Amino acid sequence: MKIHAIEAGRVRVTKRWIAGEGKGFRRLLNALFDKTMTDWLPIYVWVIEHPEGKIVIDTGIPHDANKSRYFPPFMPLVQRAAHFDISEEEEIGPKMRALGLDPKDVRWVILTHLHQDHDGGLHHFPCAEFLVSQDEWDFASGLKGRLNGYLNQRWPRGFAPTRVNFGDGPLGPFPGHTKLTCAGDVTLIPTPGHAPGHLSVLVKEGDATIMFAGDTSYTENNLIGMIADGVGTDIDAELETHRKILAYAYKHPTVYLPSHDPEASKRLAGRIALQFE
Ligand SMILES: [Zn+2]
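Residues numbered from 1 in each chain as written. Predicted model: local features only at pLDDT ≥ 70, side-chain atom pairs only at ≥ 80, totals over all residues. Heavy atoms only, no water.

S.K.: Explain the layout of surface pockets residue by residue, including any values.
M.R.: Roughly 830 Å³ of volume is contained in the largest pocket. Lining the largest pocket are 35 residues; nearest its centre among them are Leu28, Val78, Asn148, Gly149 and Val231. Mapped onto the lining of the largest pocket, the elements with two or more residues apiece are β1 (2-13), α1 (15-18), α2 (24-33), α3 (76-81) and β4 (82-85). Examining the composition of the lining of the largest pocket, we find that six residues originate from one element, α2, more than from any other. Here the lining of the largest pocket is composed, by residue class, of 21 nonpolar, 10 polar and four charged. Computed from the structure, the second largest pocket encloses a volume of approximately 160 Å³. Forming the walls of the second largest pocket are Pro62, Asp64, Tyr70, Gln116, Asp119, Gly120, Leu122, His123, Leu151, Arg154, Trp155 and Pro156. (1 Å grid on protein atoms, 1.4 Å probe; cavity = no way out; pocket = protein on both sides within 12 Å on 5 of 7 lines; lining within 4 Å. Points joined across faces, edges and corners; volume = space filled by probe spheres on them. Helix = DSSP H or I, 4+ residues; strand = E, 2+ residues; numbered from the N terminus. Nonpolar A, V, L, I, M, F, W, Y, C, P; charged D, E, K, R; others polar.)

Below, the structure is given as structure tokens:
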């Protein structure tokens, strides 16, 4: 199976955004008011050339993400703490076409969650079925979603993704899962914490699992170090998700690929699994 790591723009955020400090609301304020920024980090979109159809995981950010009116007026702190860098040609549609992949051929677009740097390229996939967890949809849509910081006013009109409920029973340490492909080699699992309905994608390749982890942690090191981010909705759930991923990866060789880890594309290319000493 050919799998592409496509960098659709870059993001930099405050250091306490990536590795949170403090508890509760104070933790969020620490992340938003921190004056030190990370280096530019990739925004990865993953494209899987699966025999049952092309699969895209997350869709990146749009090129107008830095415009002053991209975020609503009540979110100046978020705009201050998160910067984007992307040109029109770097959006996922043009990037795929440059690789000879037609976005119109994509069968499924899986959204790990609905933050703006993951759902910013929905319009590039007019023929795809979108998948998002029911919990994330409930949290992110409507006025409530807007107040929770989701930019749902930017979703294409009539956006109605298939909601995933993980009804296929437990899978190892994970309480549920949903099989996507008939072959059974692409599975969606709940990985809440960073966002309430965050999901991850497990792709079986021989004995190995490739895990597309969204923002479960910002880097592999933060997973191993059990470091929760500073903006997640539930720090305990996030750390519990880390434990479950590590328990899974201990039993099954797992290539762990968060969306913004600068080392992720190298690990994918070399199929380098998480190491335990
Ligand atoms: Zn996120």
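S.K.: Please set out the pattern of salt bridges residue by residue, giving values where relevant.
M.R.: This structure, assessed with the given rule, holds 11 salt bridges. Among the ionic pairs, arginine 154 bridges to aspartate 64, the shortest N-O distance being 2.9 Å. Of the two residues, arginine 154 is situated in the loop between α6 (142-147) and β7 (162-164) and aspartate 64 in the loop between β3 (53-57) and α3; the sequence distance between them amounts to 90 residues. As a salt-bridge pair, arginine 243 and glutamate 240 come within 2.7 Å of each other at their nearest N and O atoms. Placement of the pair is arginine 243 and glutamate 240 together in helix α8 (residues 235-251), with a separation of three residues, close to one helical turn. Residue arginine 243 is classed as partly exposed on the basis of its relative accessible area of 44%. One salt-bridge network, in which partners are shared between bridges, spans Glu7, Arg10, Asp85 and Glu90. (Salt bridge = Lys/Arg side-chain N within 4 Å of Asp/Glu carboxyl O. Buried < 20%, exposed > 50% of the residue type's maximum accessible area, 1.4 Å probe, protein only.)

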